Amino acid sequence: MATATYPPPPPFYRLYKKYSEDPKSAPEPPPPIEGNYQLFGATYTTDDVLPSLEEQGVRQLYPKGPNVDFKKELRALNRELQLHILELADILIERPSQYARRVEDISLIFKNLHHLLNSLRPHQARATLIHILEIQIQRRKQAVEDIKRRREEAQRLLKEALGTLDGQ
C-alpha cells in the first residue's frame, strides 16, 4: 500500500459517503480553539494581546497610559536613535572598547519603537478595512450607474425600433 501509485483515500472518507444525497449528513467541523494550545512543542495562545514592555523585561522610554501621543513619541524616539547612532560612531572612533553600552541603548530604543508601532497595528487594520469597504462601495455604485445607463440606452433603442416598425 505504501508503494502503490494511487494509495487509497484516508479512512475518514466513509463519513462523507452520503454527502451528495444529503449534504447535512457530513460531520460538523471541530470548534475553534480557544485559550492556549501546543504546536511543535511550543505553547501559543489565541488571545491577540500585545504584551507590555515590562512583561518582556524591557524598560519603557515613553510615558505609560492610554493617552499616548504616538506621533510625538515616535518622533522623539527617532531623534534619540539618531543621536545615539552618532554617539556610537564617535565612540567607535575615539574609544572602540566602550561601544557595547551604546549598542545596548540603541537596542532599547529600537525595542520601544517597535512596541509603539505594534500598538498601532489594530488602528492600521481598522483603517485598511474602512478603505477597502469604501472602495467596494464606490465600485458597486459605479456598477449600478453603468447598469442604469445601459438600461436607458436599451430602452431608447427599443423605442427607436418600435418607431421604425410603426412607421413602415
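Residues numbered from 1 in each chain as written. Predicted model: local features only at pLDDT ≥ 70, side-chain atom pairs only at ≥ 80, totals over all residues. Heavy atoms only, no water.

Taking an unreviewed UniProt entry as the reference, the chain is identified by name as Mediator of RNA polymerase II transcription subunit 7 belonging to Coffea canephora. Turning to the chain, the UniProt annotation filed under Function (unreviewed entry) states: "Component of the Mediator complex, a coactivator involved in the regulated transcription of nearly all RNA polymerase II-dependent genes. Mediator functions as a bridge to convey information from gene-specific regulatory proteins to the basal RNA polymerase II transcription machinery." Per UniProt, the chain has the following entry under Subunit (unreviewed entry): "Component of the Mediator complex." (UniProt positions renumbered as here; feature names shortened; annotations may be inferred.)

A. Region of the structure containing the pattern of salt bridges. Scanning the entire structure with this criterion turns up eight salt bridges. The closest approach of N and O atoms between Glu73 and Lys72, which form a salt bridge, is 4.0 Å. Among the residues examined, Lys72 registers a relative accessible area of 52% and is labelled exposed. Among the charged side chains, a salt-bridge network with shared partners connects Glu87, Arg102 and Asp105. (Salt bridge = Lys/Arg side-chain N within 4 Å of Asp/Glu carboxyl O. Buried < 20%, exposed > 50% of the residue type's maximum accessible area, 1.4 Å probe, protein only.)

B. Structural context of the UniProt feature "coiled-coil region" (unreviewed entry) in the chain. The sites that carry the UniProt feature "coiled-coil region" (unreviewed entry) are, in the present numbering, residues 130-164. The straight-line gap between the two end C-alpha atoms of residues 130-164 is 51 Å; of that span, 100% is helix and 0% is strand. (Helix = DSSP H or I, 4+ residues; strand = E, 2+ residues; numbered from the N terminus.)

C. Summary view of the environment of Ala154. Relative to the elements of secondary structure, Ala154 occurs in helix 3 (residues 121-167). A relative accessible area of 36% means that Ala154 is categorised as partly exposed. Taking C-alpha positions, Ala154 is 65 Å from Leu53, a pair spaced 101 residues apart along the chain.

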